[in-house]
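Below, each chain spelled out in residue letters.
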Amino acid sequence: MRWNNFRKTLIIALALLCSIIMALPILAGQGDGSGGGKNQPLALVSSIPADGQKDVALPVEIKMTFSKNVVYMTVRDNNSKCFTMYSKDGKQVPIEVIMADDQIEFDKRRDIVVKPLQELQTGTTYTVKVSPQLESKSGVNLGKETALSFMTAGAAATALDPAVSTNKD
């Protein structure tokens, strides 16, 4: 008789424990994990180098931090196509867009790194443009093109004028 009472108590306790464990995700909150709901705008909140920064050392990788998760697997492919880089003369610079896996590196879910695939020139201004189609995990788009510019360190390269001779006779 005592064994039956113990078994019933144990079964009830285990059932209650299982119910609590299953309810934890629901009790944890109603967020979508994006760091902001659908009513919160998506925006570029910071970058390294900062917009307008001068004397940026080479080589450089541009790290952009957004207000929401922009690397989630459902938006990752779209977002990787939303970045372009140009030199001041309008020539497009080939880039690699680097995104962390937000399931492994949760703290990097709002970061995207743009890495130039060619050597940048010294003393030159470059602009990285972000398309309005950049999307957060919660489905919110950037909505407008965003750009940041920076100037690399050093003197700008100048073409030699063939009419000017440096030869002293």
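Summary of the structure given here. (Residues numbered from 1 in each chain as written. Predicted model: local features only at pLDDT ≥ 70, side-chain atom pairs only at ≥ 80, totals over all residues. Heavy atoms only, no water.)

## Regarding the overall build of the protein chain
Rule in force here: Runs of H or I in DSSP of at least four residues are treated as helices and runs of E of at least two as strands, each being numbered from the N terminus. Each residue is assigned to one of three classes by its accessible area relative to the maximum for its type, calculated with a 1.4 Å probe on protein chains only: buried under 20%, partly exposed between the two thresholds, exposed over 50%. Residue contacts are counted whenever heavy atoms from the two residues lie within 4.5 Å of one another. Only the protein chains shown count as cover for residues, and all accessible areas are computed by the Shrake-Rupley method using a 1.4 Å probe.
When its secondary structure is counted, the protein chain shows two helices and nine strands. Secondary structure elements in the protein chain, listed N-terminal to C-terminal, are α-β-β-β-α-β-β-β-β-β-β. Here the protein chain holds 169 residues, and the buried ones make up 30% of them. Of all intrachain contacts in the protein chain linking residues separated by at least 6 positions in sequence, the fraction that spans at least 24 positions is 68%. Of the accessible surface of the protein chain, which amounts to about 11500 Å², a share of 56% is contributed by carbon and sulfur atoms.

## Details of the pairing of strand S9 (residues 146-152)
Convention followed: Any two strands with at least two DSSP bridges between them are considered paired.
Going residue by residue along S9, you find Thr 146, Leu 148, Phe 150 and Thr 152 tucked away on one face and Ala 147, Ser 149 and Met 151 left uncovered on the opposite face. Examined bridge by bridge, strand S2 (residues 53-56) and S9 share two bridges and lie parallel to one another. Along S9, the bridge assignment pairs Val 56 with Thr 152. Across six bridges, the pairing between strand S8 (residues 125-130) and S9 is antiparallel. Opposite Lys 129, over in S9, you have Ala 147 as the bridge partner.

## Topic: the packing of aromatic side chains
Under the convention used in this document: Any two of the Phe, Tyr and Trp rings considered here, Trp counted by its six-membered ring, make a pair once their centres fall within 6.5 Å; the pair's planes then place it as stacked at under 30 degrees, edge-to-face at over 60, or tilted in between. By the criterion adopted, a ring carries a charge over it if an Arg CZ or a Lys NZ lies within 6 Å of its centre and within 35 degrees of its normal.
With the rule as written, the count across this model stands at two aromatic pairs. Across the ring face of Tyr 86, the terminal group of Lys 129 is positioned such that the distance to the ring centre comes to 5.2 Å.

## Things to note about unusual backbone geometry
With an omega dihedral of 0°, the bond running from Ile 48 to Pro 49 counts as a cis peptide bond. Position of Pro 49 relative to the elements: it lies in the loop between strand S1 (44-48) and S2. With omega at -5°, the peptide bond leading from Leu 58 into Pro 59 counts as cis. Mapped onto the fold, Pro 59 is located in the loop between S2 and strand S3 (62-66).

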